[in-house]
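Spelled out, the chains give:
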Amino acid sequence: EGYVAFLKVEPALEIFANRKELQGLGIEETEIEVRLKGSNSADSAKVVFSPEKGTITPSAINVKYREPAIVTLRSQGLGNSKITASTSSLNSNSLEFAFDFPWAFLLASLIGGLLGGFVKFLSSDKTKRSMQKIVIGGILTGLIVAAVYYGLGISVIGIKISALVNEIAVFALSALGAIVGIQL
């Protein structure tokens with residue numbers, strides 16, 4: 001009928017990401033999953049990440065066999081970046097990422113700032129201020145608020161958004177920044 005045979009499996013270090021294209025210039029992040037396979041050991045190993053470009057948080061992590069862990073990659077600049085990981089005895093596969101110009105971020109931010117500036121104008125004392133000054137100020141304020149929040153992680157209007165970068169969140173944040181932002 002057959003017989004039982006045990007095959008030796010070499011341990012492997014594997015990294016995986018669902019997204020390979022990110023808005024660049026530090027605007028967007030993605031998660032990278034890392035796992036050690038090929039052992040029933042309860043041990044863990046220190047995994048160190050090496051990005052060509054971008055920032056990985058944390059840059060090193062202890063991973064147990066057969067228990068995946070997650071790190072975060074934030075884009076940096078524009079262009080391509082290769083990410084690898086290693087332990088003292090294993091090297092991972094490599095992942096290629098493209099950091100593209102953040103057109104969607106820029107457009108959503110400008111439109112949100114425009115709408116927010118227009119709302120601010122409509123709710124202001126129209127006799128003292130020109131619409132042009134308020135709307136242009138709203139566009140610039142909205143862009144700055146969104147860039148500071150997503151690029152630096154600083155909430156300049158006191159609102160914490162848990163969502164990753166998406167066009168609706170950028171639009172809304174820019175509009176709110178324009179409405180409650182600085183007085184011009």
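The coordinates are above.
Please read these numbers as outputs of a predicted model, since none were measured by experiment.

Further remarks concern the pattern of salt bridges. Enumeration according to the criterion identifies five salt bridges in this entry. Note that Arg 74 is salt-bridged to Glu 29, the shortest N-O span being 3.0 Å. With Arg 74 in strand E7 (residues 69-74) and Glu 29 in strand E3 (residues 29-37), the pair connects residues that are 45 residues apart, well separated along the chain. By relative accessible area, which is 23% here, Arg 74 ends up partly exposed.

On the surface, Leu 25, Leu 78, Phe 101 and Trp 103 cluster together into a nonpolar patch covering about 420 Å² of accessible area. Within the element layout of this structure, Leu 25 appears in the loop between strand E2 (21-23) and E3.

Attention now goes to the nonpolar core. Buried together is how nonpolar side chains tend to be arranged in soluble globular proteins. Counting residues in each nonpolar core, the largest one holds 23 residues, and the members touching the most others are Ile 32, Val 34, Val 47, Phe 49, Ile 61, Leu 73 and Phe 97. Elements supplying a minimum of two residues to this core: strand E1 (12-16), E3, strand E4 (44-51), strand E6 (60-64), E7, strand E8 (79-86) and strand E9 (95-100). Contacts of Val 34, omitting those with residues within four sequence positions, involve Leu 13, Glu 14, Ile 15, Val 47, Phe 49, Ile 61, Val 63, Pro 68 and Ala 69. Formed by 10 residues, the second largest nonpolar core is a distinct cluster that contains Val 145, Ala 146, Ala 169 and Val 170.

Of the pairings in the sheet, the one linking E4 to E8 comprises four bridges and is antiparallel in character. Following the sheet pairing, Val 48 is matched in E8 by Ser 86. As paired strands, E8 and E9 are joined by five bridges and run antiparallel to one another. Across the sheet, residue Gly 79 finds its bridge partner in E9, namely Phe 99.

Relative to the elements of secondary structure, Gly 38 occurs in the loop between E3 and E4. Sequence separation between Gly 38 and Pro 11 is 27 residues; the distance between their C-alpha atoms is 4.3 Å. If we ignore the near neighbours within four places in the chain, the residues touching Gly 38 are Val 9, Glu 10 and Pro 11.

What counts as what
Residues numbered from 1 in each chain as written. Predicted model: local features only at pLDDT ≥ 70, side-chain atom pairs only at ≥ 80, totals over all residues. Heavy atoms only, no water. Salt bridge = Lys/Arg side-chain N within 4 Å of Asp/Glu carboxyl O. Helix = DSSP H or I, 4+ residues; strand = E, 2+ residues; numbered from the N terminus. Buried < 20%, exposed > 50% of the residue type's maximum accessible area, 1.4 Å probe, protein only. Patch = residues over 30% accessible without salt bridge, like charges linked within 9 Å, V, L, I, M, F, W, Y side chains within 5 Å. Areas by Shrake-Rupley, 256 points an atom, 1.4 Å probe, with all protein chains shown as cover. Core = buried A, V, L, I, M, F, W, Y, C linked by side-chain atoms within 4.5 Å. Contact = heavy atoms within 4.5 Å. Pairing = 2+ DSSP bridges.

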